[in-house]
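# Tertiary structure, described
Chain residues, written in single-letter form:
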Amino acid sequence: MWFKNARVYRFGESFQLPEDFESQLQAHAFKPCGRQDMTSFGWVSVFGAQSEVLHHAVEQSYLVCAQREEKVLPAAVVNAELEQKVQAIQETEGRPVNGKEKKNLKEDITHQLVPQAFSKFRKTWAYIDLKRQLVIVDESSANKAEDLLGLLRASLGSLPVKPIALAESAEVLLTEWLTTQALPDRFDLGDELELRSPQADGGIIRCKQEDLTREDVQAHAAAGKQVVKLGLVWNEHIECVIEADWALKRLKATDQLLDDQDDWNDASPEQKLDSDLALVSAELGALLDDLFSISAK
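Just so it is clear, the model here is predicted, and its values are computed rather than measured.

What counts and how
Residues numbered from 1 in each chain as written. Predicted model: local features only at pLDDT ≥ 70, side-chain atom pairs only at ≥ 80, totals over all residues. Heavy atoms only, no water. Pairing = 2+ DSSP bridges. Helix = DSSP H or I, 4+ residues; strand = E, 2+ residues; numbered from the N terminus. Axes fitted to C-alpha atoms, helices over the stretch in contact; angles between N-to-C directions. Contact = heavy atoms within 4.5 Å. Buried < 20%, exposed > 50% of the residue type's maximum accessible area, 1.4 Å probe, protein only. Disulfide = S-S within 2.5 Å. Expected span 1.5 Å × (residues − 1). Arc of directions from axis to C-beta. Polar contact = N/O pair within 3.5 Å; in protein donor to acceptor, adjacent residues only side chain to side chain.

### Details of the sheet that holds strand 8 (residues 187-196)
- The antiparallel open sheet is built from five strands, whose spatial order is 9-8-10-11-12. Here the strands that pair on one side only, and so sit at the sheet edges, are strand 9 (204-208) and strand 12 (248-253). The sheet shows a mean angle of 20° between the axes of neighbouring strands, taken without regard to direction.
- Each of strand 8, strand 10 (226-234) and strand 11 (238-243) touches helix 5 (residues 170-180); the most contacted strand, strand 10, lies at about 60° to it.

### Focus: the pairing of strand 6 (residues 134-137)
- Burial along strand 6 is two-sided: Leu 134 and Ile 136 facing one way and Val 135 and Val 137 facing the other are all buried.
- Relative to strand 6, strand 1 (residues 7-11) runs antiparallel, the two sharing four bridges. Note on strand 6: the bridge partner recorded for Arg 10 is Leu 134.
- As paired strands, strand 5 (residues 118-129) and strand 6 are joined by four bridges and run antiparallel to one another. Within strand 6, the position partnered with Asp 129 by the bridge is Leu 134.
- Counting the residues between successive antiparallel strands, the hairpin from strand 5 to strand 6 contains four residues, one of them, Gln 133, with a positive phi of roughly 60°.

### Some words on the state of the cysteines
- Applying the stated criterion to the full structure yields zero disulfides.
- Here Cys 65 is not disulfide-linked; the sulfur of Cys 33 is the nearest cysteine sulfur, at 16 Å.
- Residue classification places Cys 65 among the buried positions, given a relative accessible area of 0%.
- Cys 207 provides the cysteine sulfur closest to Cys 240, a residue in no disulfide bond, and the two sulfurs are 17 Å apart.

### Some details on helix 4 (residues 142-156)
- Over its 15 residues, helix 4 runs 21 Å from end to end, which matches the ideal 21 Å to within 8%, given 1.5 Å per residue.
- Ala 145, Leu 148, Leu 149, Leu 151, Leu 152, Ser 155 and Leu 156 are the residues of helix 4 that are buried. Down the axis of helix 4, the sector holding all buried residues measures 155°, keeping them to one side.
- Among the residues of helix 4, the N-terminal cap falls to Ser 141, whose side-chain oxygen and the backbone nitrogen of Asn 143 are separated by 3.3 Å.
- Positive phi shows up at Gly 157, right after helix 4, with a value of about 95°.

This is the structure:
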């Protein structure tokens, strides 16, 4: 288990989890969609389908996992059925079908087809770092991360968190890192970059697997384009892309870190999860400590 993304939220006030945290999660455990439900969202076990335990803790880090089920009902299927019904009414009753009636027919068709729809499942992982007073969500989408936070808020009754921010705008800071190549301690330039013109109709430059110190790459920043995504390497342990909203994406552990996990191949699920969570929370936590030390609000 390794986080591929990190959307980071900070508690606005000192926060501790309740002693009955597990039972509060159980009250919002995942339940499969009913016959007429289009979606369902709830907590599932961090140990997999064979377990009912919904969280796991290592020191002050608490791992949780949410699952969403969505019924897949293609619009083309609904529209084809609607077209047939409209045509049948026009032929049998000899009258046109107005917009309101079509809308009602479409709702009836959807209601009839939902029980036959296929389900799509998606999991979202997160951990609560009480030592650093953070919630870290493994999501590339801000909206999907907010869905998990909403479920956690419903489970706990309240969740006073907000997205992290630094004192300086990300675009200004990331552009400075690129052009001066004077990055904070333990950070180095990676090989990925996106620059955008400040003008609404301006250009976009994307680079992957490139030397970001090259003169032609640097020239785009010198011409006024701002960095909105920047590949970084932290402490020779983690590769990632940092974005303008301070989200970390495409997180990748180096071979050195992953090799350390090989000793746990024959471990029990709990021992393996202990090792994984300890690794993620320690390494990602230290990276965030370095990031916050720049100019955190």
